[in-house]
Amino acid sequence: MIFIYIIEATFVHFFGEDQIAIILIGVQIGGGLLRIWSGYYTDKKKNRISLLKYYAILGGMASLMLCLMVNNTYIGIIFIVLTGLFGHAWHGIAYTEVAVKAGIERAGTALGMIGTTVFITSFLTPIIIADIAHIYGWRAVWGTVTILTFASLLCFISLANNEIKL
């Protein structure tokens, strides 16, 4: 939902609402297909965490390119679509990994915690983005998305055996 407002606010002065709707439909359908493929792939390969890392890196790179190209409408659209796709792709495999790590005794609590965190983030994001865009512009919005996306990689640091591994 947040993505809809962001893309419309970023590019509404270049495209009509019909064109924006088509782009958004493509991102939503592509995101759904990517979530299904990701689940299938990680069920076969048993590599949810590494795929989540790749999605974070790819999403960070796409949002960085969007930050740099936000004034170039057509290239900006390409990178906003990629940012949206990578932003959608992580849900299923992340939720599954959280449930697996928590174990059967605590899976419900863990899923409730991640769901609540995503909900709170979805609630606060439009408020924060509106302020950043108003004060600093859209380049700063996408720069912030880039920083936060790359910062998400910190969630994958393992302190097992007293060494830090990404």
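Computed from a prediction, not measured in an experiment: that's the story for all the values here.

For the rest of this paragraph, the subject is helix H4 (residues 73-89). Its 17 residues give H4 an end-to-end C-alpha distance of 24 Å, which sits within 8% of 24 Å, the value for a rise of 1.5 Å per residue. Among the residues making up H4, those that are buried are Thr73, Gly76, Ile77, Phe79, Ile80, Thr83, Gly84, Leu85, Phe86, His88 and Ala89.

Bringing the pattern of salt bridges into the picture now. Using the criterion set out here, one finds two salt bridges in the structure. When the shortest N-O distance is used, the salt bridge between Arg48 and Glu97 registers 2.7 Å. Linking Arg48 in helix H3 (residues 48-69) with Glu97 in helix H5 (residues 91-102), this pair joins segments that are 49 residues apart in sequence. Accessibility classification places Arg48 together with Glu97 in one group, the buried group.

Here we take up the packing of H3 against H5. Contact pair H3 / H5: the axes reach a minimum separation of 10 Å and the direction vectors enclose 140°. As summarised for this structure, H3 and H5 are arranged oblique, according to the angle between their axes. When you trace H3 past H5, the crossing you get is left-handed. Contact residues: Arg48, Ile49, Leu51, Leu52 and Tyr55 in H3; Ile93, Ala94, Thr96, Glu97, Val100 and Lys101 in H5. For the contact of H3 with H5, a count of residues per class yields seven nonpolar, one polar and three charged.

This next bit is on the packing of aromatic side chains. Think of a pair of aromatic rings as described by two things: how far the centres are apart, and how the planes are tilted against each other in angle. Across all of its chains, the model carries three aromatic pairs by this definition. Ring centres of Trp90 and Tyr95 lie 6.4 Å apart, and the angle between their planes is 40°; this geometry places the pair in the tilted category. By relative accessible area, which is 26% here, Tyr95 ends up partly exposed.

Calculation criteria
Residues numbered from 1 in each chain as written. Predicted model: local features only at pLDDT ≥ 70, side-chain atom pairs only at ≥ 80, totals over all residues. Heavy atoms only, no water. Helix = DSSP H or I, 4+ residues; strand = E, 2+ residues; numbered from the N terminus. Expected span 1.5 Å × (residues − 1). Buried < 20%, exposed > 50% of the residue type's maximum accessible area, 1.4 Å probe, protein only. Salt bridge = Lys/Arg side-chain N within 4 Å of Asp/Glu carboxyl O. Axes fitted to C-alpha atoms, helices over the stretch in contact; angles between N-to-C directions. Parallel < 35°, antiparallel > 145°, perpendicular 65-115°, else oblique. Left-handed = near helix turned anticlockwise from the far one by under 90°. Contact = heavy atoms within 4.5 Å. Nonpolar A, V, L, I, M, F, W, Y, C, P; charged D, E, K, R; others polar. Phe/Tyr/Trp six-rings, centres within 6.5 Å; stacked < 30°, edge-to-face > 60°.

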